[in-house]
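Given next are the chains, with one letter for each unit.
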Amino acid sequence: MKNGALLFLGLFAALGVSWAGIVLGSSAQFGSLSPYYDAGTDQAYPGGFPGVAARGQLVYRDLNCASCHTQAVRRLGFGADEARGWGTRQSVARDYIFQPFPQLGESRVGPDLTNFATASPIAAAPAGVYELLYTGRGGMPPYAFLFETTKIVGEVSSHALHLAGGLQPPAGYEIIPTPRAEALVAYLLSLSSSFNDYPEAKAPVEPKPEGSPAPTDGKGAPPAAGAKPAPPAGGAPIPAPATPEEAKK
Amino acid sequence: MTDLSAHSSPTDSGDVEAYGRGPLLLLAGSSVVWLAVGGFFALIAGIQLHHSAFLAGCPLLTHGRVQALAETCFVYGWMANAGLALALWILARLGGEPLRAANWTVAGACFWNLGIVLALVGIVSGEATAIPLLEMPRAVQPLLLVAYGAVALGGVLAWTGRRREVMYASHWYAVAALFLFPWLLSIAQVTLLWFPVRGTLQAVVAGWYAQGLWTLWMAPMALAVAYYVIPKAAGKILPSYDFASLGFWCLLFVGAWTGGRHLIGGPVPAWISTIAIVASTTLLFHYGIVWLNLRVSGGAPSIPLSFFRYGLCAYVGGGIIDSLTAIRGVAEVTQFTHFDGAQQELAFYGAVSMMLLGGLYYALPRLTGRPWAYGGLVRAHLLLSAGGVSVLVLALGVAGLVQGGDLNNASVPFPEIAAHIRPWLLLASAAQAALLLGNVLLAVNFFKSALCPYYAAAVAAIRQDQRSALEAAAR
């Protein structure tokens, strides 16, 4: 090989082809998925992603919780995701369209959190989640720095943690979650993909690729690809914040 | 193509290296510091896996953040600095001209390292992106891009201004690494950080970037060094060298398509992981050719060659394991477990870093004109690295298989899984400690070898000046 220009062009082509194939290709296929309108419930799914949850996702991201928790249920029969109660169907791309930074994760040191709000017994009440975060349990480290121990002024705060045993604060003090903890818990309690009738989620074993053409059964066609998802009729989901900056505010 | 004569006399003159010595030592010196710092963070992250409360009270060092710190130090601190230093050195030597644009290299190296320091500060203060291998905060990334360009300029000029038209395998791989990294990084920055794409498309782009980082940047850097040093250190020409170009183009064109194997069963179209499985298998062709070419590293008793031997076995073995775990039935067990970590350590540490270390041990005496200060430490480092990586990969691999089996059995609760894999994670932490010790030895040896001669010369010159001044005053 002697020709430098040819080498350069080859390098460019190698990167360009994989970029076009993987990034552009999948972007064209499912980069602008729209919500699915379900005539039965007169609702569009997935539901919106409230601002407080988007703030909580930033906390989740900056603590890098994704280094131990995934948020993607694998298809049924592939692993024991269903048997562990993490979800009743495979997660599909449409579940995440309103999330500014989907945290799929790469490691299951801890359980999957895709349907944490609906599937986990801990999530029955916010108090349980706060306590788990404060104390840590079963291999999860405590995140006590997300809480403050403050002197009780007047009556006990309604947010205060009710702890037992040696974890109780000194008399006259209470442990209350910081705004970051509140946002994180609001986010965790929003994690649920309960709608099971997406056309792409129905295939029992081998799902057809997401982003396939609109449902043809006349149930209500999603807007054309490329268009911003129009708020569907009925329970209009709150649109996701446009940028991470807005979410931070 | 089989002519390797340019690997000998005309390019070996000391003049070629005299100009590049300072900048290259700066890059190499920063790399060994980052290697030790990264090892420190990796040890903390490892301990946190079996003692979850370790440093839990320190908000700066949650497990996720420490992992991001370790990865950033290792990939962008150690690999980038060492890879660039060796790539520039090889391109200048092969070009037969002194390194040009050395000022740019120095400035670029300073800003690159400043960028990494800022990135670490950003990660501990909560600005990390949580994207694997791209955890650095958005704000410092453009700085890194520009700094990389400034460093790489010298290499590109050495390549375009080479005396002889012919190019060698080291040329292809080194030039590929120099050009492809900034393109990859800029695309990832734009599509993930500045104008994030929507939904799980982010995971697809992140997977493409992480795989591209490996197949289009780290592996080419390591192979550039291996293809240059092995024939020289072993004193043999490379067998089946005619096939080397096929191996090169196979890596470049097929490698970046293998990223989707991490998304098997995930919320993305199935073709992305299917194509990754096909590409992973096709890539075995590349590993076969690299093995054919570089197998001459066996036999000769030389420290740099020992590093390359280990690196070659890890590279080819890791490639085979990658293609096996890309198969859906295997991924069902290994996905989301410590087995992924074992594969990453085998690739990043066992393959690339061992080759870069071999290159460093080979290049430094030629850059400074002196042998390594402590021969014993070199040997100790070889033992600690080879032993440490082997134990680390085995421990994490077994932990991953146990964990994967348990995860797929819904009757095993999480605390029980943690108890099952705990002994293996303890072993992995011990291996991390051995690696850290080895890398501290390298840093000590490097600074003693690289800086002390200049320090001694400077002291002697000052003394001489003082003596002449005193003599002048006495007269």
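First things first, this report covers the structure right here in the doc. Since we're looking at a predicted model, the values are computed, not measured. (Residues numbered from 1 in each chain as written. Chains lettered and ligands numbered in written order. Predicted model: local features only at pLDDT ≥ 70, side-chain atom pairs only at ≥ 80, totals over all residues. Heavy atoms only, no water.)

A closer look at the overall build of chain A
In terms of helices and strands, chain A carries six helices and four strands. Counting from the amino terminus, chain A carries its helices and strands in the arrangement α-β-β-α-α-α-β-β-α-α. Each of the 249 residues in chain A was classed as buried or not, and the buried ones make up 47%. A sequence separation of at least 24 residues applies to 71% of the contacts in chain A between residues at least 6 apart. Carbon and sulfur atoms make up 61% of the accessible area of chain A, which amounts to about 11200 Å² in all. (Helix = DSSP H or I, 4+ residues; strand = E, 2+ residues; numbered from the N terminus. Buried < 20%, exposed > 50% of the residue type's maximum accessible area, 1.4 Å probe, protein only. Contact = heavy atoms within 4.5 Å. Areas by Shrake-Rupley, 256 points an atom, 1.4 Å probe, with all protein chains shown as cover.)

Thoughts on the overall build of chain B
Looking only at helices and strands, one finds 14 helices and zero strands in chain B. Shown N-terminal to C-terminal, the secondary structure of chain B runs as helices and strands in the order α-α-α-α-α-α-α-α-α-α-α-α-α-α. In summary, chain B has a C-alpha radius of gyration of 23 Å against a globular reference of 23 Å for 475 residues, a match within 12%. C-alpha atoms of chain B, sized along the principal axes, occupy 90 × 55 × 45 Å. Burial analysis of chain B (475 residues in total) assigns 61% to the buried set. Contacts spanning at least 24 positions in sequence make up 84% of the contacts within chain B whose residues lie at least 6 apart. As displayed, chain B offers around 16100 Å² of accessible surface, 70% of which is attributable to carbon and sulfur atoms. Seen as two clouds, the 23 positive and the 18 negative side-chain charges of chain B have centres 8 Å apart. (Rg over C-alpha atoms; globule rule 2.2 N^0.38 Å. Lys, Arg positive; Asp, Glu negative; His and termini not counted. Charge placed at Lys NZ, Arg CZ, Asp CG, Glu CD.)

Describing unusual backbone geometry
Comment: phi is negative for the bulk of residues other than glycine, and the bulk of peptide bonds are trans. Backbone torsion omega between Tyr45 of chain A and Pro46 of chain A reads 0 degrees, so that peptide bond is classified as cis. Position of Pro46 of chain A among the secondary structure elements: in the loop between β2 (43–45) and α2 (51–62). For Leu55 of chain B, which is not a glycine, the phi torsion comes out positive at approximately 60 degrees. Within the secondary structure layout, Leu55 of chain B lies in the loop between α1 (14–50) and α2 (63–95). A positive phi angle, close to 65 degrees, is found at Ala130 of chain B, a residue other than glycine. Within the element layout of this structure, Ala130 of chain B appears in the loop between α3 (102–124) and α4 (141–160). Relative accessible area serves as the criterion here: at 16%, Ala130 of chain B is assigned to the buried category.

A closer look at the interface of chain B and chain A
Each partner contributes to the interface: chain B provides 79 residues, whereas chain A provides 75 residues. Between chain B and chain A the total buried area reaches about 6500 Å² when both faces are included, carbon and sulfur atoms providing 66% of it. Considering only the side of chain B, the residues that lose the most area to chain A are Arg198, Phe336 and Phe414 of chain B, jointly responsible for 12% of the buried surface there. For the pair chain B and chain A, the number of links is one salt bridge. Between Asp62 of chain A and Arg65 of chain B there is a salt bridge whose closest N-O contact spans 2.4 Å. Where chain B touches chain A, the interface holds 20 residue pairs in polar contact (both at pLDDT 80 or more). In terms of residue count, helix α5 (residues 169–194) of chain B provides more of the side of chain B that touches chain A than any other element does, eight residues in total. Taken together, the residues of the side of chain B that touches chain A sort by class into 49 nonpolar, 20 polar and ten charged. (Buried area = accessible area lost by both parts, 1.4 Å probe. Salt bridge = Lys/Arg side-chain N within 4 Å of Asp/Glu carboxyl O. Polar contact = N/O pair within 3.5 Å; in protein donor to acceptor, adjacent residues only side chain to side chain. Nonpolar A, V, L, I, M, F, W, Y, C, P; charged D, E, K, R; others polar.)

Looking at the side chain of Asn445 of chain B
All names here are of chain B. As for its placement among the helices and strands, Asn445 is situated in helix α14 (residues 414–474). In this structure Asn445 comes out as buried when scored by relative accessible area, which is 0%. Within polar-contact distance, the side chain of Asn445 engages the backbone oxygen of Tyr374 at 3.0 Å. Apart from the residues within four sequence positions on either side, Asn445 is in contact with Trp372, Ala373, Tyr374, Leu377 and Val378.

Describing the pattern of salt bridges
A complete count under the given rule lists nine salt bridges over all chains for this structure. Salt-bridge contacts for Arg94 of chain A lead to Glu200 of chain A; the nearest nitrogen and oxygen are separated by 2.9 Å. On the criterion of sequence distance, the pair formed by Arg94 of chain A in the loop between α2 and α3 (116–119) and Glu200 of chain A in the loop between α5 (179–188) and α6 (244–248) is long-range, its members being 106 residues apart. Like Glu200 of chain A, Arg94 of chain A is buried. The salt bridge involving Arg163 of chain B is made with Glu97 of chain B; its shortest N-O contact spans 3.2 Å. With Arg163 of chain B in the loop between α4 and α5 and Glu97 of chain B in the loop between α2 and α3, this residue pair connects regions lying 66 residues apart in the sequence. Within this structure, Arg74, Asp81, Arg108 and Asp112 of chain A form a network of salt bridges that share partners.

A look at the environment of Thr334 of chain B
Residue and element names in this part refer to chain B. When you line up the elements, Thr334 lands in helix α11 (residues 328–334). Its relative accessible area of 3% is what places Thr334 among the buried residues. Each C-alpha atom, one on Thr334 and one on Ala430, is 23 Å from the other, the two residues being 96 residues apart in sequence. If near-sequence neighbours (up to four positions away) are discounted, Thr334 is found in contact with Thr325, Phe339, Asp340 and Leu401.

Structural notes on α5 of chain A
Of the positions making up α5 of chain A, those classed as buried are Ala181, Ala183, Leu184, Val185, Tyr187 and Leu188 of chain A. The inward-facing, buried residues of α5 of chain A abut α2, α3, α4 (126–135), β3 (147–151) and β4 (173–177) of chain A.

Here we look at the side chain of Gln103 of chain A
Secondary-structure assignment places Gln103 of chain A in the loop between α2 and α3. Accessibility expressed as a relative area gives 4% for Gln103 of chain A, which makes it buried. A distance of 3.2 Å separates the side chain of Gln103 of chain A from the backbone oxygen of Phe101 of chain A, its partner in a polar contact. The residues touching Gln103 of chain A, leaving out its near neighbours within four places in the chain, are Gln57, Tyr60, Arg61, Ala66, Thr70, Gln71 and Tyr187 of chain A together with Ala130 of chain B.

Remarks on the nonpolar core
Residues and elements named next belong to chain B. Counting 205 residues, the largest nonpolar core has Tyr76, Trp78, Tyr209, Trp217 and Tyr315 as its most contacted members. Of the residues forming this core, the biggest block, 25 residues, is contributed by helix α6 (residues 201–234). Residues within four places of Tyr209 in sequence aside, it is in contact with Tyr76, Leu133, Leu134, Phe181, Leu184, Leu185 and Ala188. (Core = buried A, V, L, I, M, F, W, Y, C linked by side-chain atoms within 4.5 Å.)

Let's talk about the state of the cysteines
In the structure shown here, the tally under the stated rule is zero disulfides over all chains. The thiol of Cys250 of chain B is unpaired, and the distance to the nearest cysteine sulfur, on Cys313 of chain B, comes to 20 Å. (Disulfide = S-S within 2.5 Å.)

A few points about the packing of aromatic side chains
Summed over all chains, the structure comprises 39 aromatic pairs over all chains. Note on Phe40 of chain B and Phe41 of chain B: the rings are 5.8 Å apart at their centroids and 55 degrees apart in plane angle, and the pair reads as tilted. Judged by its relative accessible area of 14%, Phe41 of chain B falls in the buried class. Seen from their ring centres, Phe446 of chain B and Phe447 of chain B are 5.3 Å apart, and the 80 degrees between their planes marks the pair as edge-to-face. Relative accessible area serves as the criterion here: at 29%, Phe447 of chain B is assigned to the partly exposed category. By the ring-pair criterion, three or more aromatic residues cluster together here, those being Trp172, Tyr173, Tyr227, Tyr241, Phe248, Trp249 and Phe253 of chain B. It is Arg61 of chain A that lies over the ring of Phe101 of chain A; its NZ or CZ is 4.0 Å from the centre. The ring of Tyr362 of chain B is capped by Arg366 of chain B, whose NZ or CZ atom sits 3.8 Å from the centre of that ring. (Phe/Tyr/Trp six-rings, centres within 6.5 Å; stacked < 30°, edge-to-face > 60°. Lys NZ or Arg CZ within 6 Å of the ring centre and 35° of its normal.)

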